[in-house]
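Next come the chains, spelled out residue by residue.
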Amino acid sequence: MSVIRTEKHDDVLVIVADNPPVNALGAKVRQGLVDGIEQALGDDTVKAVVIRCDGRTFFAGADITEFGKAPVGPNLGEALDKMEASDKPVVAAIHGTALGGGCEVALACHYRVAVTSARLGLPEVKLGLIPGAAGTQRLPRVVGVANALPMVVKGDPISATKALEIGLIDRIVGAQTLAADAIAFAREQIGKPVPRSSAGTAQQDAVRDPSIFDTFRQQNARGLRGFEAPEAAIQAVKASTEGSYADGVKRERELFVKLMSGTQSAAMRHYFFAERAANKIDNVDAATPLIPVNKVGVIGAGTMGGGIAMNFLSAGIPVTIVEMQQDALDRGTGVMRRNYENSAKRGRMTGEQVEAAMGILQPTLNYGDLADCDLVIEAVFESMDIKKEVFAKLDGIVKQGAILASNTSYLDIDEIASATRRPEFVVGLHFFSPANVMKLLEMVRGAKTSDAVLLTCMALAKKIGKIAVVAGNCPGFIGNRMLTPRQQQAQALIMEGANYWDVDDVLVDFGFPMGPFQMGDLAGNDVGWHRDPSRVETVREALCAAGRFGQKAGKGWYDYDEARNRTPSDETRAIIADFASKAGKPQRSFTKDEIRERLLYPMVNEGAKILAEGKAQRASDIDVVWINGYGWPLFTGGPMFWADTVGLDTVVAGLERHGLPVDESLRSRAAAGERFSN
Ligand code: T1G
C-alpha cells in the first residue's frame, strides 16, 4: 500500500501521505516525499505544491520505532532542504498534530495553513532528544527566539491560533475545506518570490537581549535538573542566532546524535511505548462490549472524593456526590468550585467551562440518589470495616450492572468485593492525590472482576485523561508496595547515622521532586498522628509531640524561615540521636552512593517480586506507575528500566553488600543476564 501519492489539481500538485495511525515519517514516507517533490520540480505544468496528510493528523513526527536502528531511506533534513530550495511555492496543509519532524516539514514549506483545531510542536525533548531536521534553526528564524525557546526546550505544542499569532502559520482555514483552501492559497502565491524559513539568522530577540538564553535557563532550572536534552535544545536555538543556517544545522546534528546515543533518550523512548502498552490488559476478551458510563457516583466529598469527581465533571460526565453531613458536603463542593476557579484564573479553562462542570454535579446526603449511576467510586476513610459496610449498602441500592469501585490505596479488593453479591462488578480505582491533577490511576483487578469492567474502566481512564495501570490485588498494589521498602530504608539510614537531609538530597539529585522528610513536612507530619504527645514511639511522633508538624508550623524535620527556606534542625537531630542510642544502633557516616543504593535497590527488588507474583502485567507498567504517581524522573525510564541501565547484577551485589534481601526472581534474572525491559 503506497504511503504517499500525488494528485494533480491543474497547476497545483498535491502530495498526500497516508500512513496510519499518525503519518509517522518512516523511510517509505520520506522517500515518497522526495519523489513527490522531484515530480513537482520536474513538471513545468506544476506551478505550486501542497503537502497534506490523510487520516487524523498531519505528520506526527519521525517514526519512533526506527530509532536505535540503522538508518534506512532518505535523510529528512536533506529532503526538506531540497524542497525549500524550490522556486515553486510549497504549502503545508495542517490538521491534527504537526509534531517533531512533522512540524519541521511544515517549517521547510514556504507557507503553512492549518485548521483551528490543529496543534504544532517540537516535542523531541520529551523523548530525550532535540529536533533533528533543522527545527531548531528554522523555528527561531520564523517566530523569533523568545517564542521558539519554550517550544523547543519544553516541547509543548501550541494551538493554531497561537501559531498564527506568532507567525508560525500564515492562515487558519476551514475545518472541512483544508485541502481546497490550501490549493487556493497556493495558487495565490504563484509568481511571488518564495519565503524561506532558513534565510538569515534568528537575530531579532537575541540581538536585543543576548541574555535571553541564561534568563530562560534560570527561569526553568528546577524542572530541567539532571535532564540533558533541554540544555542541548537551548544551545541549538542559540546557534540559530550566531551564524549561517548550515553552521546551525551542523551544530544541531552534533547535539542530536549525542542525545540519540545516550541513556536518557533510550529511557524516554522506552517510556513512550510503556505508557501506551499499559493500556493493554492481559487475559481479557478485547471484543467484550463496554458498559456505558453516563453517570458517576462518588462517595465522600473530601480531598480525594472531590478531586475524583472533578475528573469526570471536566470530561462532561455528570456526578452525584454523597456525604454524611451537609457542612462536609458544602465544604467539599466549595473546594471543587474554588479549584475550577483557580484554573480559570490561570487561563486553563473558561468561566463557562467552570459553570458547565459544576452544573452537572449533584451533591446529596441521600445514598438513594446513586441508584441510577453506572459507576460508583467510594473514597471514604481507609478502613476495611467501613468500606465493607459502604459496599454492602451500595449493593442494595445501585442498579444491577453498575460498577462499584473503591479508591483504596492499600486494602484487599477481594475482601471488599465479598461484601457484595456482585464481585464481578467490583474493581479498585486508586487515584493519587490531588486526584484532579495526578495522571496515574492504579486499576486493581479483583479475582472476580469481569473483562467488561476492566475494559470499561481502562477506556474511561483515557477519557478522563488518566494513565491507568492494571495492578494485582496485594497490599499497596504496585506503587505503595514499592514505596514501603524505600521508606523503611530512609528510617533505617537515619537511625544508623545518616543525615536526614542527605537522604532527601540523594533523591532530589536523582531527579525526584523531593525526598521523604521534605515530603513529610509538606504533607504534615501530624497527618494520622494520634495527637497524644505523651505517647512517643517513633521519631515522627516525637516531632509531633514537639509541635514539629512541618512547613505549616514553621518547623518539622527542618526549620523554615518566612520564605519557607528549609534548614536542618538541631532539635530534630537530637531527637533522632536519642532514638538511635536507645535502640543501641551503632552510628556511622554514609556516602551518597550508599544512600542511593539503600533507597532504590530494595524498590527494584520489590518490583521484581511484584512481577514474579503477577501483580503487574509487565515491568514497564511499574515504570509507568512510578513516573506518573511518585515523580520518578522520566529521563531514567522508571525503576525497572533504570535497574537495567545500572545492571541487575550490580543491583543484586549492592543489596547483598548492604545485607538486604534479594528476591529469587531478581537473582535468577541477573544470573541469566536478563533485563526487565526488552
Ligand atoms: N512514531 C511511531 N509511532 C507513533 C508515533 C511516532 N512518532 N506517534 C504515535 N505513534 C503510535 C503510538 O505508539 C500508538 O501505537 C499509535 O501511534 C497512536 O498513538 C526528526 C527526531 C501523535 C499526539 O514525539 O505525541 O520527529 O499503541 O496512542 O493519544 O526532529 O501519539 O496504537 O500501536 O499516542 O491520539 C516526534 C509522538 C518524534 C509525537 C497522538 N513526535 N506521538 O496521540 O494516540 S521525534 C512525537 C504523540 C522526531 C524529528 C524528531 C501521540 C499523538 P499503538 P497514541 P493519541
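Residues numbered from 1 in each chain as written. Predicted model: local features only at pLDDT ≥ 70, side-chain atom pairs only at ≥ 80, totals over all residues. Heavy atoms only, no water.

Across the eight residues that make up helix H3 (residues 101-108), a large majority, eight, are buried. For H3, the set of buried residues is Gly101, Gly102, Cys103, Glu104, Val105, Ala106, Leu107 and Ala108. (Buried < 20%, exposed > 50% of the residue type's maximum accessible area, 1.4 Å probe, protein only. Helix = DSSP H or I, 4+ residues; strand = E, 2+ residues; numbered from the N terminus.)

Attention now moves to the site of the ligand. Of all residues adjacent to the ligand, which total 27 residues, the nearest are Ala62, Glu104, Glu124, Gly132 and Arg276. Here an oxygen atom of the ligand sits 2.9 Å away from a polar atom, N or O, in the side chain of Arg56. At 2.8 Å, a backbone N or O of Gly101 approaches an oxygen atom of the ligand. About the coverage of the ligand: the protein hides 74% of its 990 Å² of free accessible area. (Near = heavy atom within 4 Å. Polar contact = N/O pair within 3.5 Å; in protein donor to acceptor, adjacent residues only side chain to side chain. Areas by Shrake-Rupley, 256 points an atom, 1.4 Å probe, with all protein chains shown as cover.)

Running from N to C, helix H20 (residues 500-510) and helix H24 (residues 592-612) cross one another at 80°; their axes reach a closest spacing of 9 Å. By the angle between their directions, the pair H20 and H24 is classed as roughly perpendicular. Of the residues in H24, those touching H20 at Asp502, Val503, Asp505, Val506, Leu507, Asp509 and Phe510 are Lys592, Ile595, Arg596, Leu599 and Leu600. Here the residues of the contact of H20 with H24 sort into seven nonpolar, no polar and five charged. (Axes fitted to C-alpha atoms, helices over the stretch in contact; angles between N-to-C directions. Parallel < 35°, antiparallel > 145°, perpendicular 65-115°, else oblique. Contact = heavy atoms within 4.5 Å. Nonpolar A, V, L, I, M, F, W, Y, C, P; charged D, E, K, R; others polar.)

Bringing the UniProt feature "domain: 3-hydroxyacyl-CoA dehydrogenase C-terminal" (unreviewed entry) in the protein chain into the picture now. According to UniProt, the positions carrying the feature "domain: 3-hydroxyacyl-CoA dehydrogenase C-terminal" (unreviewed entry) are residues 476-560 and 597-656. Taken as a whole, residues 597-656 contains 73% helix and 0% strand, while its terminal C-alpha atoms sit 11 Å from one another. (UniProt positions renumbered as here; feature names shortened; annotations may be inferred.)

All right, on to the sheet that holds strand S8 (residues 158-159) then. Strand order across the open sheet formed by three strands is S5-S7-S8, with mixed pairing between neighbours. Across the chains shown, the open sheet's two edge strands, defined by having one partner strand only, are strand S5 (97-99) and S8. In the sheet, S5 pairs with strand S7 (residues 119-121) via three bridges, with the strands oriented parallel. In the sheet register, Ala98 faces S7, and the bridge partner there is Leu120. Across the face of the sheet, H3 comes into contact with S5 and S7 while running at roughly 90° to S5. (Pairing = 2+ DSSP bridges.)

Let's shift gears to the environment of Ala98. Secondary-structure assignment places Ala98 in strand S5. Judged by its relative accessible area of 0%, Ala98 falls in the buried class. Sequence separation between Ala98 and Thr57 is 41 residues, and the spatial gap between their C-alpha atoms is 7.1 Å. In contact with Ala98, other than residues within four places in its own chain, are Thr57, Phe58, Phe59, Cys103, Arg119, Leu120 and Gly121.

Now for the UniProt feature "domain: 3-hydroxyacyl-CoA dehydrogenase NAD binding" (unreviewed entry) in the protein chain. UniProt annotation of "domain: 3-hydroxyacyl-CoA dehydrogenase NAD binding" (unreviewed entry) refers to residues 295-473 when read in the numbering used here. The annotated region residues 295-473 carries 41% helix and 21% strand content, and the separation between its end C-alpha atoms amounts to 27 Å.

So, about the pattern of salt bridges. What the rule picks out here adds up to 47 salt bridges. Lys399 is the salt-bridge partner of Asp374, the closest N and O atoms lying 2.6 Å from each other. Placement of the pair is Asp374 in the loop between strand S12 (361-364) and strand S13 (375-378) and Lys399 in the loop between helix H16 (384-397) and strand S14 (403-406), with a sequence separation of 25 residues. Take Lys399: its relative accessible area is 35%, and that puts it in the partly exposed class. The partner of Lys387 in a salt bridge is Glu382, and the shortest N-O contact between them spans 3.4 Å. We classify Lys387 as buried; its relative accessible area is 0%. In this structure, a network of salt bridges that share partners links the residues Arg5, Glu7, Arg52 and Asp54. (Salt bridge = Lys/Arg side-chain N within 4 Å of Asp/Glu carboxyl O.)

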